[in-house]
Amino acid sequence: MRNSRTIRTLATASLATSLLVPVATPSNVLAVADVYPEKELNKEAAEKQKLQVQGVQEVENGVQLTLSNNYQAFIRLKAADLAKVSILKQGEKDEATAAINKTDWDTPRFNVEEDEATVTLSTDEITVSINKEPFGVKFMDDKGNVINQDSMKYGSGYEDGKPYVFKDTGKNEDFYGFGEQAGKLNKRGESIGMWNNDAYDYSKDTKYLYTTVPFFIGLKDDKAYGIFFDNSHRSYYEMASESDDYYYFYANDGQLTYYFAYGPEIQDVVNRYTDLTGSMQRPPKWSLGLHQSKWGYKTADEIKNIVDTYREKDIPLDAVHLDIDHMNGFRNFTWGEDFTKDPKAFNDYLESKGVSSVAVSDPGIKKDPGYYMYDEGTENGYWATNPDGSPYVGEVWPGESVFPDFAREEVQDWWAESHATIMDAGVDGIWNDMNEPAVFDTATKTQPLDVQYGDMDHSEFHNMFAHYEAEATDQAFDVNKDNTRPFVLTRDMYAGSQRYSTLWTGDNASTWESLQMSTPMNSNVGLSGIPFVGNDIGGFAKRPSGELFARWIQMGMFNPFSRIHADNGSTVAFDTEAKDIPGQEPWQYGQQVEDISKKYIEKRYELMPYLYNTFIKASEDGTPVQQPLVYQFQEDKNTHDISQQFMFGESLMVAPVVEKGATSKEVYLPKGETWIDYWTGEQFEGGQTITKQADLSTIPLYVKNDSIIPERSVQQHTGEKPLENLTLDTYVADEANYTFIEDDGSTEDYKEGEFNKTHFNVQKHNSSLYTFTQDKEVEQYDTDLQSYTVKLHDVEEPHFVRSNATLYKEASSVDKMNRTKESYYYDEESSTLFTNIPADELEQVTMFMDGAEKSKQVEKKLEKLHAEDEKLKHKLSKGNKKEKVQEKLNEVSNKKKVRIAQQIERASKK
């Protein structure tokens, strides 16, 4: 789906022509890029020109309104909980940006009523009340409670060509989302801007970052709604920043169209927004492992040495990134001789170590006759142009460069095919950088606003540039790597880009402030429909201390995307003559930090089945992988402003230590749940704040009770060993459930049904009795799974474990248990029961724990039976029929034991 439209050209700002490349000293490195001056909204003018409804006409999915001042409005119902509001000039066509993925909505059942003052549309879930004089829209739930309404003082419309909407608010309303933003989680009281910006070394006060997602979530009276402003121009959001009574949003230009989605749960809003803009693709499993990168790995041998060191130190690693030094003079889709003379052999070497490569791709194509990309693009007229039709030329890393016109389908097709040079050499993933698009030779560090893309000005296309580039890059996998799941990493996005790419949050800094920004930033990105997000671990600009790196890598192992990345050092990053300094590999900070790094990297790999299944869920309905606490616990008002804790999937809560020198952490435990300390097993009731001691080797980590967390043994990379045993780490107060999906992790065969889906249930019936069952809902994948280890916490030593007709054997260690079918081991020190269950066991497995008073007599029978068995074994110590008799004896004895076990279970229930 590709959209374009003609918009009146904005006046081009006066641009400086000097090259803005920072010099070597840190004080002269620009912290953030400059941007074009903001266009302020004249509220007084808006107040005076409020629109009036002059006519009403019912249409197929809503109503069309004739408004004053030669405007028209459409209120369309896309679903029972989703409405689209558009205000346009009379006769103007309603357009959509590239964000919109779904257009074929089934119109819900609705009623329309009209009186002198209002027009009302009602579905089973929401009521939309339209005020006629002045025009305004009010959204209510099915009980008539106001969810959201226009401000009647300012209304909505256009002020000097700028589309705007004012909304009423109260002090108890909170705001989340807005894509990639600096600062705290709850955006109430903040002034937000969206204009993709090369914001090197940004801080908590930086207004314009790399990504634009004009979507936010309001939480009012514990009920959530979402608004998506479908406008790609530079936009602004004053979220009760001027008054506690109202908020508003507007754009520099374009149409006034927004979508309203009602929850009432935040989860419902995110799911519905993902319906509208699309969900991420199921990722290749290797992309969920650890990635290592540095701007400044200059040769193939240097990278191979990094990989070898990871393997020698037994630290897991799945990917390395090739920054611009791998190219020939920064020419895209080329290999530099200094990097490697045989790129295929280099990538084959990485593959032999189980490591994938991700190559950077910059959109600026060097203006260099003889360079095949420049020649092909010039011959076919593929470049973005100045208003006079000549190719726009801007300065980036290769020098003077031209830029592909990604708004045109034929250019996207060409760009996709051009990846053959690096993909044929074995590159596994693509890293789109510099795609604001950034240029060096303007004061704004981007292109003039009247550069042409398709029939759009750059002012309209700017925020979507990276989106269209990501779409073309995603297509490159279809063209060059058939049936291979794509991995596209991008520095910039627009709403809906999650369909094609993964986001890293740009050139952050090695500071405690930057570490503190990571969690609220990632959480809001996740709430904005982008589950696959992460930050440069350790910070990109400058260098972290060992303490900062240790705290960062702890947290980074619980981020959806996990990459260590650094520049050449703040004093040398832009000085090509300066001597390189080491990267941010885990061993650069001493043995203690290396050990801490290894511990948490290994923990991520242990949790890979849990993480991978969390991503599958995200690909289905947009559920964030990293969630702010308010996502699951919105009824608990104490969670609304918590920025430094998050849920990692459904069951794990992470509370990173983000203060220099801190050795403890104040942790809030949400109401309504029991929480278990992952490291100690200590239990806490929710609704309280506790102090967790956390030395440098500890990140506070808690499990929500009644959870099953699938884990596996540590691998050095995600494809090193087949998954033969799945550990089900189980915490149960009443009942725990988990649905586990397994596929090959690399191809798109799952789309043809090649996957397995198994539902696990562990139930505590009483203090004595626990049961495990599985339901194999789908079996279409040839699995290697042979067994499950059910790891049951906080239980007494079992008297027996059995399935239908089989008593499980007791083992003396976990290792011995894993080598014995239908066995168990009890760890007395941690009060943990490990049970080895065959993967094809379809019967219920019972674990009986307690010597209840009513079962003691039956237990004595069992002890007597054991004694009789021993006597019989002794009598059978001689004789030719020993083995046959022993087999028969065991069969009879086992049946007796099972019957007695059943009596014990019945006695325990009475």
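None of the values given here were measured: they were computed from a predicted structure.

Caption draft 1: Geometry of the sheet that holds strand S11 (residues 162-168). Taken in spatial order, the five strands of this open sheet run S10-S11-S17-S16-S13, and their pairing is antiparallel. Looking at the sheet topology across the chains shown, the edges are occupied by strand S10 (156-159) and strand S13 (191-194). Across the sheet, the mean angle from the axis of one strand to that of its neighbour is 15 degrees, orientation sign disregarded. Relative to S11, S10 runs antiparallel, the two being bridged by four bridges. Considered in S11, the bridge of Tyr158 is made with Pro163.

Caption draft 2: Region of interest: the nonpolar core. Counting 174 residues, the largest nonpolar core has Phe228, Phe648 and Phe772 as its most contacted members. With seven residues, helix H13 (residues 608-621) is the single largest residue contributor to this core. Discounting chain neighbours no more than four positions away, the residues touching Phe772 are Leu728, Phe760, Asn761, Val762, Tyr788, Val790, Ile837, Glu843, Gln844, Val845 and Met847. Counting 43 residues, the second-largest nonpolar core is a separate cluster that includes Leu51, Leu65, Ile87 and Ile126.

Caption draft 3: Layout of the sheet that holds strand S45 (residues 769-779). Across the sheet, which stays open at both edges, the six strands sit in the order S43-S44-S45-S52-S47-S48 with antiparallel pairing between neighbours. Both edges of this open sheet fall to strand S43 (735-742) and strand S48 (806-807), since each of them pairs with a single strand only.

Caption draft 4: Region of the structure containing the environment of Pro586. Tracing the backbone through its elements, the reader meets Pro586 in the loop between strand S32 (563-564) and helix H12 (591-606). Look at Pro586 and you get buried, because its relative accessible area is 0%. Sequence separation between Pro586 and Ile315 is 271 residues, and the spatial gap between their C-alpha atoms is 9.0 Å. Leaving out residues up to four positions away in the same chain, Pro586 has contacts with Gln292, Tyr310, Phe549, Ile564, Val593, Glu594, Ser597 and Ile601.

Caption draft 5: Empty space enclosed by the protein, seen in detail. With the rule as written, the count across this model stands at four cavities of 30 Å³ or more. Roughly 140 Å³ of internal volume is contained in the second largest cavity. Along its surface, the second largest cavity is lined by 15 residues, and Gln281, Pro486, Tyr500, Ser501 and Thr502 are the ones closest to its centre. Across the lining of the second largest cavity, the residue classes tally to ten nonpolar, four polar and one charged.

Caption draft 6: Representation of H13. Look at H13: 20 Å from first C-alpha to last across 14 residues, which is about the 20 Å you get at 1.5 Å a residue. The buried fraction of H13 is high, at twelve of 14 residues. Here H13 has its buried residues at Met608, Pro609, Tyr610, Leu611, Tyr612, Asn613, Thr614, Phe615, Ile616, Ala618, Ser619 and Asp621. Gly622 sits one or two residues past H13 and shows a positive phi near 85 degrees.

Caption draft 7: Layout of the packing of aromatic side chains. Across all of its chains, the model carries 64 aromatic pairs by this definition. Seen from their ring centres, Phe633 and Trp675 are 5.8 Å apart, and the 65 degrees between their planes marks the pair as edge-to-face. With Phe633 in the loop between helix H14 (629-632) and strand S34 (646-648) and Trp675 in strand S37 (residues 674-677), the pair connects residues that are 42 residues apart, well separated along the chain. Here Phe633 matches Trp675 in class, with each residue buried. Ring plane angle 35 degrees and centroid distance 6.5 Å describe the contact between Phe740 and Phe760, whose orientation is recorded as tilted. Of this pair, Phe740 sits in strand S43 while Phe760 is found in strand S44 (residues 756-764), placing the two residues 20 residues apart along the sequence.

Caption draft 8: Geometry of helix H11 (residues 546-556). With respect to burial, H11 is a largely interior element, nine of its eleven residues being buried. All of the buried residues in H11 are Leu548, Phe549, Ala550, Arg551, Trp552, Ile553, Gln554, Met555 and Gly556. At its buried positions, H11 is contacted by helix H10 (512-527), strand S31 (536-537), S32, H12 and S34.

Caption draft 9: The packing of helix H5 (residues 372-380) against helix H6 (residues 409-418), seen in detail. Contact geometry of H5 with H6 gives a least axis separation of 12 Å together with a crossing angle of 160 degrees. Of the possible angle classes, the one that applies to H5 and H6 is roughly antiparallel. Both H5 and H6 take part in a crossing whose hand is right-handed. Across from Tyr372, Met373, Glu376 and Gly377 in H5, the residues of H6 making contact are Trp414, Trp415 and Ser418. Classifying every residue of the contact of H5 with H6 gives four nonpolar, two polar and one charged.

Caption draft 10: Quick look at the pairing of strand S17 (residues 246-251). Of all six residues in S17, six are buried, a share of seventy percent or more. Side chains of S17 alternate between two faces, with Tyr246, Tyr248 and Tyr250 and Tyr247, Phe249 and Ala251 buried alike. As paired strands, strand S16 (residues 235-238) and S17 are joined by four bridges and run antiparallel to one another. Bridge pairing in S17 links Glu238 to Tyr248.

Caption draft 11: Here's a closer look at the side chain of Thr747. Checked against the element boundaries, Thr747 lands in the loop between S43 and S44. With relative accessibility at 16%, the residue Thr747 sits in the buried group. Among the polar contacts listed, one links the side chain of Thr747 to the side chain of Asp744, at a separation of 2.5 Å.

Caption draft 12: Region of the structure containing the confidence of the model for the protein. Of the residues in the protein, 89% reach a pLDDT of 70 or more, and the chain-wide mean stands at 91. A low-confidence stretch, residues 570-574 stays under pLDDT 50, and its non-local contacts, those more than four residues away or across chains, total 19 contacts. The low-confidence segment residues 851-855 (pLDDT under 50) makes eleven contacts with residues lying over four places distant or belonging to another chain.

Caption draft 13: Expanded view of the pattern of salt bridges. Applying the stated criterion across every chain yields a total of 41 salt bridges. Linking Asp222 and Lys637 is a salt bridge whose minimum nitrogen-to-oxygen distance equals 3.3 Å. Of this pair, Asp222 sits in the loop between strand S14 (215-220) and strand S15 (223-229) while Lys637 sits in the loop between H14 and S34; the two residues are 415 residues apart in sequence, bridging distant segments of the chain. Linking Asp325 and Lys298 is a salt bridge whose minimum nitrogen-to-oxygen distance equals 3.5 Å. Here Asp325, found in the loop between strand S20 (319-322) and helix H4 (343-352), pairs with Lys298, found in the loop between strand S19 (291-292) and helix H3 (300-312); they are 27 residues apart in sequence, far enough to count as distant. Note on Asp325: relative accessible area 16%, which makes it buried. What makes Lys298 partly exposed here is its relative accessible area of 36%. Salt bridges linked by common partners bring Asp198, Asp433, Glu436, Lys445, Arg491 and Asp507 together as one network.

About the cut-offs
- Residues numbered from 1 in each chain as written.
- Predicted model: local features only at pLDDT ≥ 70, side-chain atom pairs only at ≥ 80, totals over all residues.
- Heavy atoms only, no water.
- Pairing = 2+ DSSP bridges.
- Helix = DSSP H or I, 4+ residues; strand = E, 2+ residues; numbered from the N terminus.
- Axes fitted to C-alpha atoms, helices over the stretch in contact; angles between N-to-C directions.
- Core = buried A, V, L, I, M, F, W, Y, C linked by side-chain atoms within 4.5 Å.
- Buried < 20%, exposed > 50% of the residue type's maximum accessible area, 1.4 Å probe, protein only.
- Contact = heavy atoms within 4.5 Å.
- 1 Å grid on protein atoms, 1.4 Å probe; cavity = no way out; pocket = protein on both sides within 12 Å on 5 of 7 lines; lining within 4 Å.
- Points joined across faces, edges and corners; volume = space filled by probe spheres on them.
- Nonpolar A, V, L, I, M, F, W, Y, C, P; charged D, E, K, R; others polar.
- Expected span 1.5 Å × (residues − 1).
- Phe/Tyr/Trp six-rings, centres within 6.5 Å; stacked < 30°, edge-to-face > 60°.
- Parallel < 35°, antiparallel > 145°, perpendicular 65-115°, else oblique.
- Left-handed = near helix turned anticlockwise from the far one by under 90°.
- Polar contact = N/O pair within 3.5 Å; in protein donor to acceptor, adjacent residues only side chain to side chain.
- pLDDT = per-residue confidence, 0-100.
- Salt bridge = Lys/Arg side-chain N within 4 Å of Asp/Glu carboxyl O.

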